[in-house]
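Geometric and topological summary
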Amino acid sequence: MVVLEAFGLASAELFNYNREIFKFDQEQRLEKDMARVEYQIKRFDLFREDIEDLVKLTVSKMDMYHMVGALLLAFTCTIYTEGLFRGIEPPWYTGLY
């Protein structure tokens, strides 16, 4: 009978020890999973910033292309509507045409 009682006390102590380790492991696993999720959120925020930078670069280039296109259109309309210059034509003007 004493042997069974000793066995019962030993198994209870072993169960409590394993339970404490299990709880500790669960807390560690939860912290690890939360850190992983936070890192993924930060990572995708960086992807969004990269895409935003690429779009801003494209828009700024298109603004420059619109300016050049508007100037070319203005020079072309001037040449077609007003005709030739009086006197000597500037070489940069005829080079644009």
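Please read all numbers here as calculations on a predicted model, not as lab measurements. (Residues numbered from 1 in each chain as written. Predicted model: local features only at pLDDT ≥ 70, side-chain atom pairs only at ≥ 80, totals over all residues. Heavy atoms only, no water.)

Notes on the overall build of the protein
Counted only if it meets this: Here a strand is any run of E in DSSP of at least two residues, a helix any run of H or I of at least four, and the numbering for each starts at the N terminus. Buried means the residue's accessible area, taken with a 1.4 Å probe over protein chains only, is under 20% of the maximum for its type, while exposed means over 50%, and partly exposed covers the values in between. The Shrake-Rupley method, run with a 1.4 Å probe sphere, supplies the accessible areas, and residue values consider only the shown protein chains as cover.
A count of helical and extended segments in the protein gives two helices and zero strands. Split into buried and exposed, the 97 residues of the protein put 1% on the buried side. Summing over all exposed atoms, the protein offers an accessible surface of approximately 9,400 Å²; the carbon and sulfur share of this is 67%.

Topic: a nonpolar patch on the surface
The following threshold applies: Exposure above 30% relative accessible area and the lack of any salt bridge qualify a residue for a patch; like charges then connect within 9 Å, and the nonpolar side chains Val, Leu, Ile, Met, Phe, Trp and Tyr within 5 Å. For this document, the term salt bridge refers to a Lys or Arg side-chain nitrogen within 4 Å of an Asp or Glu carboxyl oxygen.
On the surface, M64, M67, V68 and L71 cluster together into a nonpolar patch covering about 400 Å² of accessible area. Within the fold, V68 resides in helix α1 (residues 2–82).

Looking at the pattern of salt bridges
A full pass over the atoms with the stated rule returns three salt bridges. Across the pair R48 and D45 runs a salt bridge, and its minimum N-O distance is 3.2 Å. In this pair, R48 and D45 are both assigned in helix α1, three residues apart and thus about one turn of the helix distant. Look at R48 and you get exposed, because its relative accessible area is 57%. The exposure class of D45 is partly exposed, given its relative accessible area of 34%. Here K56 ties to E52 by a salt bridge, and the two come within 3.4 Å at their closest N and O atoms. Placement of the pair is K56 and E52 together in helix α1, with a separation of four residues, close to one helical turn.

Observations regarding the packing of aromatic side chains
We apply this condition: Put simply, two rings from Phe, Tyr or Trp (the six-membered ring, in Trp's case) pair if the centres are within 6.5 Å, and we call them stacked under 30 degrees between planes, edge-to-face over 60, tilted for the rest. Counting as a charge over the ring demands two things of the Lys NZ or Arg CZ atom: a distance within 6 Å of the ring centre and an angle within 35 degrees of the ring normal.
Under the defined criterion, the tally for this structure stands at one aromatic pair. Relative to F47, the ring of F44 has its centre 5.5 Å away and its plane inclined at 75°; by these criteria the two rings are edge-to-face. Taken together, the residues span about one helical turn, with F44 and F47 both in helix α1 at a distance of three residues. For F44, a relative accessible area of 43% gives the class partly exposed. With a relative accessible area of 38%, F47 lands in the partly exposed category. The positively charged end of R43 is found above the aromatic ring belonging to F44, 5.8 Å away from the centroid.

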